[in-house]
Amino acid sequence: MNKIALLLVATVLLISCGKKEGSNDDFSKPTPVDESAVAKDPSDYDPKRGEGKFDKVELGASVDQAMAADGEKLAEVKCTSCHKLTDEKLVGPGWKGVMSRHQPEWIMNFITNPDPMITKDPKMQAQLEICLVRMPNQGLNDDEARHVLEFMRKNDGVK
């Protein structure tokens, strides 16, 4: 009787561990890139502003502390599992000094639209070779991205 019960439990476990029809939980495969979001002609890429809708981002002379606090909360949920606030690489590059390396427009476009920028930007392609992981689109809206940018300014020591 114990052998039959053991065989029954083993069978149930094997069936329940199998991949379900239509399941998309194969983590060994890279995340597919939305090709419609990737522009086809790299020659039209502007390395100062990136690829996306942000042409001009207005920054205040000082950090908006409330906006930075909201950005910090968002970063804790969406960003800090891959990015440290120092210059140390985790999965992705550290954030320290990001405001001196990139224009605000570039950062906003990258946060909201990473796929075409990774495809077109030579610096991002070099970074991808180091990190070996494409930054996933975190689905932040424009307002959320702006808050994260303000937190990056605060992290970089803007007063």
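Structure's up top.
Criteria and cut-off values
Residues numbered from 1 in each chain as written. Predicted model: local features only at pLDDT ≥ 70, side-chain atom pairs only at ≥ 80, totals over all residues. Heavy atoms only, no water. Helix = DSSP H or I, 4+ residues; strand = E, 2+ residues; numbered from the N terminus. Buried < 20%, exposed > 50% of the residue type's maximum accessible area, 1.4 Å probe, protein only. Areas by Shrake-Rupley, 256 points an atom, 1.4 Å probe, with all protein chains shown as cover. Patch = residues over 30% accessible without salt bridge, like charges linked within 9 Å, V, L, I, M, F, W, Y side chains within 5 Å. Salt bridge = Lys/Arg side-chain N within 4 Å of Asp/Glu carboxyl O. Contact = heavy atoms within 4.5 Å. Polar contact = N/O pair within 3.5 Å; in protein donor to acceptor, adjacent residues only side chain to side chain. Core = buried A, V, L, I, M, F, W, Y, C linked by side-chain atoms within 4.5 Å.

Visitor: Is there a simple way to think about the overall build of the protein chain in this case?
Guide: Along the protein chain, the regular secondary structure elements total seven helices and zero strands. Ordering the α and β elements of the protein chain from the N terminus gives α-α-α-α-α-α-α. Burial statistics for the protein chain: of 159 residues in total, 32% are counted as buried. As presented, the protein chain carries roughly 10,600 Å² of accessible surface, and 58% of it is formed by carbon and sulfur atoms.

Visitor: Please clarify how a nonpolar patch on the surface should be interpreted in this entry.
Guide: A surface patch of nonpolar side chains, amounting to about 340 Å² of accessible area, comprises Leu90, Val91, Leu132 and Val133. Residue placement: Leu90 occurs in the loop between α2 (65–78) and α3 (98–101). On the basis of relative accessible area, Leu90 is assigned to the partly exposed category, the value being 35%.

Visitor: How do you make sense of the environment of Asp156 when you look at a structure like this?
Guide: When you line up the elements, Asp156 lands in the segment after α7 (142–155). Sequence-wise, Asp156 and Lys96 are 60 residues apart; in three dimensions their C-alpha atoms are separated by 5.8 Å. Those residues in contact with Asp156 that sit more than four places away from it in its chain are Trp95, Lys96, Gly97, Val98, Met99 and Ser100. For Asp156, the side chain forms a polar contact with the main-chain nitrogen of Val98, separated by 3.2 Å.

Visitor: Which parts of the structure should I look at to understand the nonpolar core?
Guide: Nonpolar side chains in soluble globular proteins tend to end up buried together. Grouped together as the largest cluster of nonpolar side chains are 23 residues, with contacts concentrated most on Trp95, Trp106, Ile107, Ile111, Val148 and Met152. At the level of secondary structure, the elements contributing two or more residues to this core comprise α2, α3, α4 (104–112), α5 (114–120) and α7. Not counting residues within four places of it along the chain, the set of residues in contact with Trp106 comprises Tyr45, Pro47, Lys48, Arg49, Gly50, Met117, Asp121 and Met124.

Visitor: Would you mind showing me how to read unusual backbone geometry here?
Guide: Excluding glycine, residues mostly carry a negative phi; peptide bonds, for their part, are mostly trans. A positive phi angle, near 65°, is found at Leu132, a position not held by glycine. Note that Leu132 resides in the loop between α6 (122–131) and α7. Residue classification places Leu132 among the exposed positions, given a relative accessible area of 68%.

Visitor: Just checking my understanding: could you explain the pattern of salt bridges for this structure?
Guide: Pairing is possible between side chains that carry opposite charge, provided their charged atoms lie close to one another. For the coordinates displayed, the defined rule picks out seven salt bridges. Ionic pairing is found between Asp115 and Arg134, a salt bridge with its closest N-O pair at 3.8 Å. Here Asp115, found in helix α5, pairs with Arg134, found in the loop between α6 and α7; they are 19 residues apart in sequence, far enough to count as distant. Its salt-bridge partner being Glu150, residue Arg153 comes within 2.9 Å of it at the nearest N-O pair. With a gap of three residues between them, Arg153 and Glu150 both fall in helix α7, about one helical turn apart. Considered together, Arg153 and Glu150 belong to a single accessibility category, that of buried residues. Via salt bridges that share partners, Arg146, Glu150 and Arg153 belong to a single interconnected network.

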